[in-house]
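Next come the chains, spelled out residue by residue.
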Amino acid sequence: MAETARPTVAVFGAGSIGCHLGGALADVADVTLIGRAPAMDVLREHGLTISAAGRAPRRIGPDRLRLATGPDAAADADFVLITVKTAATAEAGRQLAPHLRSDAVVVSFQNGLHNPDTLRAELPGRTVLAGMVPYNVVQTGPGTVHQGMPGTLMVEQAAAVEELTRLCTAAGLPVEARADIREVQYGKLLMNLNNAVNALSGLPLREQLGLRAYRLCLALCQREALAAYRAAGVRPTRLGPVPAALTPYVLRLPDALFRRLAASTLDINAHARSSMWEDLERGRPTEIDSLQGEIVALAARHGLPAPANACLTDLVHQAETAPDTLPWTGERLLQQLRSATRA
Ligand SMILES: NC(=O)C1=CN([C@@H]2O[C@H](COP(=O)(O)OP(=O)(O)OC[C@H]3O[C@@H](n4cnc5c(N)ncnc54)[C@H](OP(=O)(O)O)[C@@H]3O)[C@@H](O)[C@H]2O)C=CC1
Ligand SMILES: CC(C)(CO)C(=O)C(=O)O
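Residues numbered from 1 in each chain as written. Chains lettered and ligands numbered in written order. Predicted model: local features only at pLDDT ≥ 70, side-chain atom pairs only at ≥ 80, totals over all residues. Heavy atoms only, no water.

A look at helix H6 (residues 181–201)
Here is step 1: A rise of 1.5 Å per residue sets the reference length of H6, with its 21 residues, at 30 Å; its end C-alpha atoms lie 30 Å apart and thus fit the reference within 8%.
Here is step 2: The principal kink in H6, of about 30°, is found at Leu-190.
Here is step 3: Of all the 21 residues making up H6, 18 are buried; the element is thus mostly covered by neighbouring parts of the structure.
Here is step 4: Count one or two residues on from H6 and you reach Gly-202, which has phi positive near 75°. (Helix = DSSP H or I, 4+ residues; strand = E, 2+ residues; numbered from the N terminus. Expected span 1.5 Å × (residues − 1). Bend = angle between axes of the 7 residues up to and from the residue. Buried < 20%, exposed > 50% of the residue type's maximum accessible area, 1.4 Å probe, protein only.)

And the structure:
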């Protein structure tokens, strides 16, 4: 009997999310990880280990992954997952364009609102879909990535993505196909407004979210975002235990009450931090312009102020070039944002 060929998946941007997705999918598909040469050397030497709370770590030996540094390695892929940071998206699309099969399905598993459109512009005629990763993944050692909280991946609903969702499910990656992916992206953006607060705090997410002063900073950002969403007619999908519109109120609760009510939100690995913290730690540019920056731009388009988001954008840009400005205590950050909102 003829063997059915395994599906082929290329992951472009083998960092935290790329290694997490590619490593899990290697059980059910032929996976090619495309990343920087030093990162690929680490994987060649150590293999890839993926771990998550409550699950035994899984090591995927280098013999079970194709490791590459150039876009031509995606030439045979049925599915191409884009997992570079936002600033690298257009370049990723440009590099992949001459190589991808015309029927390849490209899925952006990135934060922010515009990555799928950026890819569509660089990959005319290809199917490009939006995806969303709701949980944190961090590199915890050479060739090791750890999922710090539970969650369900989301992808834009389309016939072209049905096989990928089947593969994810078979690989133990819970996934939902969503007809409302735009609203999902806006819902995720509200969550991602904490990336900057977390990065500036220098603390693990669980500790930072447990401290009211930091939560008040996030609440200020979310209030401005929700006002801009209302003006733009955007109804963000509820991604957590509380409807998006109520989250700023919950964030303002005293610590003890918040910790009790938001126990599921705080079900995070004690060491997990935001992807923006990792960027600052490694001296790389952050995604701040596609997170807080989106809110500032959306608010401006509707004649609304967004001073807390603008202030955080400035502080993160400052930290990118002057890491000695870090860390910010909750009280000092809140004072800074409050004076920006009063100015
Ligand atoms: N980490 C997380 O917890 C989460 C992240 N996300 C989102 O997922 C996306 C990916 O994030 P994350 O995995 O943390 O990012 P990482 O920086 O860990 O991974 C991206 C990798 O892609 C590499 N890369 C960039 N351009 C190229 C290229 N042209 N060729 C080869 N390699 C390239 C980068 O190298 P280099 O740095 O040298 O450019 C980096 O190693 C982001 O949009 C992020 O916001 C979403 C949810 C959670
Ligand atoms: C999951 C979350 C919100 C964790 O901070 C994230 O998206 C990130 O770190 O970029």
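Section: the site of ligand 2
Here is step 1: If you check the shell around ligand 2, you find Asn-111, Pro-134, Tyr-135, Asn-136, Lys-188, Asn-192, Asn-195, Leu-205, Ser-274 and Ser-275 and nothing else.
Here is step 2: Between ligand 2 and the protein, one listed contact pairs an oxygen atom with a side-chain N or O atom of Asn-111 at 3.0 Å.
Here is step 3: Within the contact set of ligand 2, an oxygen atom lies 2.5 Å away from a side-chain nitrogen or oxygen of Ser-275.
Here is step 4: Isolated, ligand 2 exposes 280 Å² of accessible area, and the fraction of that covered by the protein chains is 93%.
Here is step 5: Counting only domains with at least three residues in the shell around ligand 2, you end up with domain 1 (8–179) and domain 2 (182–342). (Near = heavy atom within 4 Å. Polar contact = N/O pair within 3.5 Å; in protein donor to acceptor, adjacent residues only side chain to side chain. Areas by Shrake-Rupley, 256 points an atom, 1.4 Å probe, with all protein chains shown as cover. Domains from an automatic or database assignment.)

Structural notes on the packing of aromatic side chains
Within a pair of aromatic rings, the relevant descriptors are the distance that separates the centres and the angle that separates the planes.
Here is step 1: Tallying each qualifying case throughout the model produces one aromatic pair.
Here is step 2: Centroid distance Tyr-186 to Tyr-229: 5.0 Å. Interplanar angle 85°. Geometry classified as edge-to-face. With a gap of 43 residues between them, Tyr-186 in helix H6 and Tyr-229 in helix H8 (residues 212–232) connect regions that are remote in the sequence. We note that Tyr-186, like Tyr-229, is buried. (Phe/Tyr/Trp six-rings, centres within 6.5 Å; stacked < 30°, edge-to-face > 60°.)

Comments concerning the pattern of salt bridges
Here is step 1: For the structure shown, the criterion picks out 17 salt bridges.
Here is step 2: Between Arg-44 and Asp-41 there is a salt bridge; the shortest N-O distance is 2.9 Å. Here Arg-44 and its partner Asp-41 are both found in helix H2 (residues 37–46), three residues apart, which amounts to about one turn of the helix.
Here is step 3: Look at Arg-44 and you get partly exposed, because its relative accessible area is 43%.
Here is step 4: For Asp-41, a relative accessible area of 44% translates into the label partly exposed.
Here is step 5: A salt bridge links Arg-120 to Glu-156, with the shortest nitrogen-to-oxygen separation between them at 3.6 Å. Here Glu-156 lies in strand E11 (residues 153–156) and Arg-120 lies in helix H4 (residues 115–122), a separation of 36 residues in the sequence.
Here is step 6: Under the relative-accessibility criterion, Arg-120 is labelled partly exposed at 31%. (Salt bridge = Lys/Arg side-chain N within 4 Å of Asp/Glu carboxyl O.)

Brief notes about the site of ligand 1
Here is step 1: Near ligand 1 there are 24 residues, and of these Ser-16, Ile-17, Asn-111, Val-137 and Glu-287 occur at the shortest range.
Here is step 2: Here an oxygen atom of ligand 1 and a side-chain polar atom of Lys-85 are 3.4 Å apart.
Here is step 3: Within the side chain of Asn-111, an N or O atom sits 2.8 Å from an oxygen atom of ligand 1.
Here is step 4: Relative to its unbound accessible surface of 890 Å², ligand 1 loses 88% to contact with the protein.
Here is step 5: When residues of the shell around ligand 1 are traced back to their parent elements, those giving at least two are helix H1 (16–25) and strand E9 (137–141).
Here is step 6: By residue class, the composition of the shell around ligand 1 is eight nonpolar, eleven polar and five charged.
Here is step 7: A domain split of the shell around ligand 1 shows at least three residues from each of domain 1 (8–179) and domain 2 (182–342). (Nonpolar A, V, L, I, M, F, W, Y, C, P; charged D, E, K, R; others polar.)

What about the UniProt feature "domain: Ketopantoate reductase N-terminal" (unreviewed entry) in the protein?
Here is step 1: Within this structure's numbering, the places UniProt gives as "domain: Ketopantoate reductase N-terminal" (unreviewed entry) are residues 9–156.
Here is step 2: Along residues 9–156, the helical share is 24% and the strand share 34%, with 17 Å between the first and last C-alpha atoms. (UniProt positions renumbered as here; feature names shortened; annotations may be inferred.)

A word on the pairing of strand E2 (residues 30–34)
Here is step 1: Counted residue by residue, E2 has four buried out of five residues, so it is predominantly covered.
Here is step 2: The sheet contact formed by strand E1 (residues 8–12) and E2 spans five bridges and is parallel. Considered in E2, the bridge of Phe-12 is made with Ile-34.
Here is step 3: Crossover connection from E1 via H1 to parallel E2: handedness right-handed. (Pairing = 2+ DSSP bridges. Right-handed = clockwise from strand over helix to strand, strands pointing away.)

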